[in-house]
Amino acid sequence: HYRDLYHVEKDARVATRAEDAEFQNTPESEKDFQRWLNLNVHREPFDPELWSIAWHSNQPIGIVLGEVNNGVGNVQEVSTSRAWKRKGIAHALLLETLHAFQVKGITKVRIYTDATNEHGARTLMNVSGSAK
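The rules we used
- Residues numbered from 1 in each chain as written.
- Predicted model: local features only at pLDDT ≥ 70, side-chain atom pairs only at ≥ 80, totals over all residues.
- Heavy atoms only, no water.
- Helix = DSSP H or I, 4+ residues; strand = E, 2+ residues; numbered from the N terminus.
- Buried < 20%, exposed > 50% of the residue type's maximum accessible area, 1.4 Å probe, protein only.
- Contact = heavy atoms within 4.5 Å.
- Pairing = 2+ DSSP bridges.
- Axes fitted to C-alpha atoms, helices over the stretch in contact; angles between N-to-C directions.
- Right-handed = clockwise from strand over helix to strand, strands pointing away.
- Salt bridge = Lys/Arg side-chain N within 4 Å of Asp/Glu carboxyl O.
- Phe/Tyr/Trp six-rings, centres within 6.5 Å; stacked < 30°, edge-to-face > 60°.

Caption draft 1: Highlighting the environment of Trp51. Looking at the secondary structure, you find Trp51 in strand S1 (residues 51-56). Judged by its relative accessible area of 11%, Trp51 is buried. Placed 26 residues apart in sequence, Trp51 and Glu77 show a C-alpha to C-alpha distance of 9.4 Å. When neighbours within four sequence positions are excluded, Trp51 is seen to be in contact with Tyr2, Leu5, Trp36, Asn40, Val41, Phe46, Val64, Leu65 and Gly66.

Caption draft 2: Representation of the sheet that holds strand S2 (residues 59-69). The strand order S1-S2-S3-S4 describes an open sheet built from 4 strands, whose pairing is mixed. The sheet terminates laterally at S1 and strand S4 (109-111), the two strands that pair on one side only. Strand-to-strand twist of the sheet, defined as the mean angle between neighbouring strand axes without regard to direction, takes the value 20°. With respect to the sheet, helix H4 (residues 89-103) is in contact with S1, S2, strand S3 (72-80) and S4, its orientation differing from that of S2 by roughly 35°.

Caption draft 3: Representation of the pairing of S3 in the model. Summarising burial for S3: 7 of the 9 residues are buried, a large majority. With 8 bridges connecting them, S2 and S3 associate as antiparallel partners. The partner of Glu67 across the bridge, within S3, is Asn74. Note that S3 and S4 share 3 bridges and pair parallel. Residue pairing across strands places Val75 opposite Ile111, the latter belonging to S4. Crossover connection from S3 via H4 to parallel S4: handedness right-handed.

Caption draft 4: Representation of the pattern of salt bridges. Scanning the entire structure with this criterion turns up 6 salt bridges. Note that Glu30 is salt-bridged to Arg3, the shortest N-O span being 2.6 Å. On the criterion of sequence distance, the pair formed by Glu30 in helix H3 (residues 30-40) and Arg3 in helix H1 (residues 2-12) is long-range, its members being 27 residues apart. Residue classification places Arg3 among the partly exposed residues on the basis of a relative accessible area of 34%. For Arg43, the salt bridge goes to Glu67, with nearest N and O atoms at 2.6 Å. Remark: Glu67 occurs in strand S2 and Arg43 occurs in the loop between H3 and S1; sequence separation between them is 24 residues. What makes Glu67 buried here is its relative accessible area of 7%. One connected set of salt bridges, linked through shared partners, spans Asp47, Glu49 and Lys104.

Caption draft 5: Inspection of the packing of aromatic side chains at higher detail. Applying the stated criterion to the full structure yields 7 aromatic pairs. Judged by centre distance (5.4 Å) and plane angle (65°), the rings of Tyr6 and Phe33 are edge-to-face. Note that Tyr6 is positioned in helix H1 and Phe33 in helix H3, a separation of 27 residues in sequence. With respect to class, Tyr6 is no different from Phe33; both count as buried. An aromatic cluster is present here, built from Tyr2, Tyr6, Phe33, Trp36, Phe46 and Trp51 joined pairwise through their rings.

Purely geometric numbers; function is a separate question.
Here's what the structure looks like:
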């Protein structure tokens, strides 16, 4: 389902983040998909147990991609398809990923976001009450 997950992230980023302009403005292609795989799957510390995915009618609609580096959990990506934004999906997936970190004994987790992105992880974390 990697290609479907790539589509979720691609769709979620349309017109949202200046720093991702290269990715969001690149047409979907095999080269672009392979780049996504290299960034997310074909590298250490890939761990699919730290990925949370929301599905609707056998299609992914939201993803949270987690990984562990040097004993610290990192939330690498939080994406929800545009048609499903603002419905609590990212919040639920983030909580699921945080639980997966906890199960693995990870007590410190980082999530990176753009301070200027008014619709990104900053608002998600403020809603969840889990920021710090």
